[in-house]
Amino acid sequence: MKVDLLNGKLNKTYFTMLFSAIASTIVTTIYSTVDMICVGHYAGPDGAASIACVNPLWALMFAFGLLTGVGGAVMMANRRGAGNEEAANEYFTVAATVCMMLSAILVISYAIFLEPLLELFGAKGNVLKLSIDYMRAMLFSVPTFTMCACLSTFVRNDGEALIPTIATIVGGVLNMFLDVFL
């Protein structure tokens, strides 16, 4: 469903965007909870604690994605609204490039400083070992996760508010399915 951000009815546009954001957040919360439940059942209390220790690292990835995405998308929309499509495209390119650079910095930082970071977030003993195992397995997904947060804001600004929501739902359902069956 395409939303006309410049000429559409304000109430319809607002509530479509609001629904998209709320639905994505609810699905993300549900699949994060399912992650915690499944890991807790598989690895016990130490496994659940390791997810809690890893969570700030995931939050940082999401924050960097939103930082570049929201900032770039606002600037892109501003330029597009002014009729300057070339400048709008440049903001997209810069935001995507910066997001990938930040992702690379996160991957390198996590690879080098993973143990001290996890200790900072309270991981000790077996929880530290489980947290390290979990994050090392997930390092490859840092750029994908960060870029997803970044690009979803641009897709919404293109008037396609439901596409990021549908992508989040599909990813969340797949995540929950893999949690339960793997």
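Provided above is the structure to which this section pertains.
Note that this is a predicted model, so its numbers are computed, not measured.

Engineer: Talk me through the packing of helix H1 (residues 10-81) against helix H4 (residues 142-157); I want residue IDs and the actual numbers.
Structural biologist: Between H1 and H4, the least distance of the axes is 6 Å, while the angle of their chain directions is 40°. As summarised for this structure, H1 and H4 are arranged oblique, according to the angle between their axes. Every pair of crossing elements has a handedness; the one defined by H1 and H4 is right-handed.

Engineer: Please give an account of the packing of aromatic side chains that cites residues and values.
Structural biologist: Taken as a whole and judged by the stated rule, the model has four aromatic pairs. Ring geometry for Phe 92 and Phe 154: centres 4.9 Å apart, planes at 90°, overall edge-to-face. Placement of the pair is Phe 92 in helix H2 (residues 85-120) and Phe 154 in helix H4, with a sequence separation of 62 residues. Pairwise contacts between aromatic rings join Trp 58, Phe 62 and Phe 145 into one cluster.

Engineer: Any chance you could break down H4 for me, citing the residues and the numbers?
Structural biologist: Across its 16 residues, H4 extends 24 Å between first and last C-alpha, which sits within 8% of the 22 Å expected from 1.5 Å per residue. Listed as buried for H4 are Val 142, Thr 146, Met 147, Ala 149, Cys 150, Ser 152, Thr 153, Phe 154 and Arg 156. The inward-facing, buried residues of H4 contact H1, H2, helix H3 (125-138) and helix H5 (162-181). Looking one or two residues past H4, Gly 159 carries a phi angle of roughly 90°, positive in sign.

Engineer: Break down the side chain of Asp 35 for me, with residues and values.
Structural biologist: Relative to the helices and strands, Asp 35 resides in helix H1. Buried charge without a salt bridge: Asp 35, with Arg 156 as the nearest opposite-charge side chain at an N-O distance of 18 Å. Here Asp 35 is in contact with Asn 175 and Asp 179, once residues within four sequence places are set aside.

Engineer: Please give an account of the layout of surface pockets that cites residues and values.
Structural biologist: Considered as a void within the structure, the largest pocket measures approximately 1900 Å³ in volume. Lining the largest pocket are 46 residues, and of these Tyr 31, Asp 35, Tyr 134, Met 138 and Asn 175 sit closest to its centre. When contributions to the lining of the largest pocket are tallied by element, the ones reaching two or more residues are H1, H3, H4 and H5. Among the residues forming the lining of the largest pocket, the class breakdown is 27 nonpolar, 15 polar and four charged.

Engineer: Requested: an account of the pattern of salt bridges, with residues and values cited.
Structural biologist: Pairing is possible between side chains of opposite charge, provided their charged atoms come close. Using the criterion set out here, one finds three salt bridges in the structure. In this structure, Arg 80 and Asp 158 form a salt bridge, with 2.5 Å as the shortest nitrogen-oxygen distance. One end of the pair, Arg 80, is in helix H1; the other, Asp 158, is in the loop between H4 and H5, and 78 residues separate them in sequence. Under the relative-accessibility criterion, Arg 80 is labelled partly exposed at 27%. Residue Lys 129 pairs with Asp 133 through a salt bridge whose shortest N-O separation is 2.9 Å. Placement of the pair is Lys 129 and Asp 133 together in helix H3, with a separation of four residues, close to one helical turn. Linked by salt bridges that have partners in common, Arg 80, Glu 85 and Asp 158 make up one network.

Engineer: Go over H2, please, and point to the residues and values.
Structural biologist: Three- or four-residue spacings in an α-helix give side chains the same orientation, since the helix completes a turn every 3.6 residues. Helix length check: H2, at 36 residues, gives a terminal C-alpha distance of 45 Å against a target of 52 Å (1.5 Å per residue), a shortfall beyond 12%. The sharpest bend along H2 reaches about 80° and sits at Phe 113, with the proline Pro 116 one to four residues further on. Residues Ala 87, Ala 88, Ala 95, Ala 96, Cys 99, Leu 102, Ser 103, Leu 106, Tyr 110, Leu 114 and Leu 118 constitute the buried set of H2. A positive backbone phi angle near 100° is found at Gly 122, which sits one or two residues after H2.

Engineer: Tell me about the state of the cysteines, and please be specific about residues and values.
Structural biologist: What is meant by a disulfide is a covalent connection between two cysteines, made through their sulfur atoms. A full pass over the atoms with the stated rule returns zero disulfides. No disulfide involves Cys 38; its sulfur sits 19 Å from the nearest other cysteine sulfur, which is in Cys 53. When its relative accessible area of 18% is taken as the criterion, Cys 38 is described as buried.

Criteria and thresholds
- Residues numbered from 1 in each chain as written.
- Predicted model: local features only at pLDDT ≥ 70, side-chain atom pairs only at ≥ 80, totals over all residues.
- Heavy atoms only, no water.
- Axes fitted to C-alpha atoms, helices over the stretch in contact; angles between N-to-C directions.
- Helix = DSSP H or I, 4+ residues; strand = E, 2+ residues; numbered from the N terminus.
- Parallel < 35°, antiparallel > 145°, perpendicular 65-115°, else oblique.
- Left-handed = near helix turned anticlockwise from the far one by under 90°.
- Phe/Tyr/Trp six-rings, centres within 6.5 Å; stacked < 30°, edge-to-face > 60°.
- Expected span 1.5 Å × (residues − 1).
- Buried < 20%, exposed > 50% of the residue type's maximum accessible area, 1.4 Å probe, protein only.
- Contact = heavy atoms within 4.5 Å.
- Lys, Arg positive; Asp, Glu negative; His and termini not counted.
- Salt bridge = Lys/Arg side-chain N within 4 Å of Asp/Glu carboxyl O.
- 1 Å grid on protein atoms, 1.4 Å probe; cavity = no way out; pocket = protein on both sides within 12 Å on 5 of 7 lines; lining within 4 Å.
- Points joined across faces, edges and corners; volume = space filled by probe spheres on them.
- Nonpolar A, V, L, I, M, F, W, Y, C, P; charged D, E, K, R; others polar.
- Bend = angle between axes of the 7 residues up to and from the residue.
- Disulfide = S-S within 2.5 Å.

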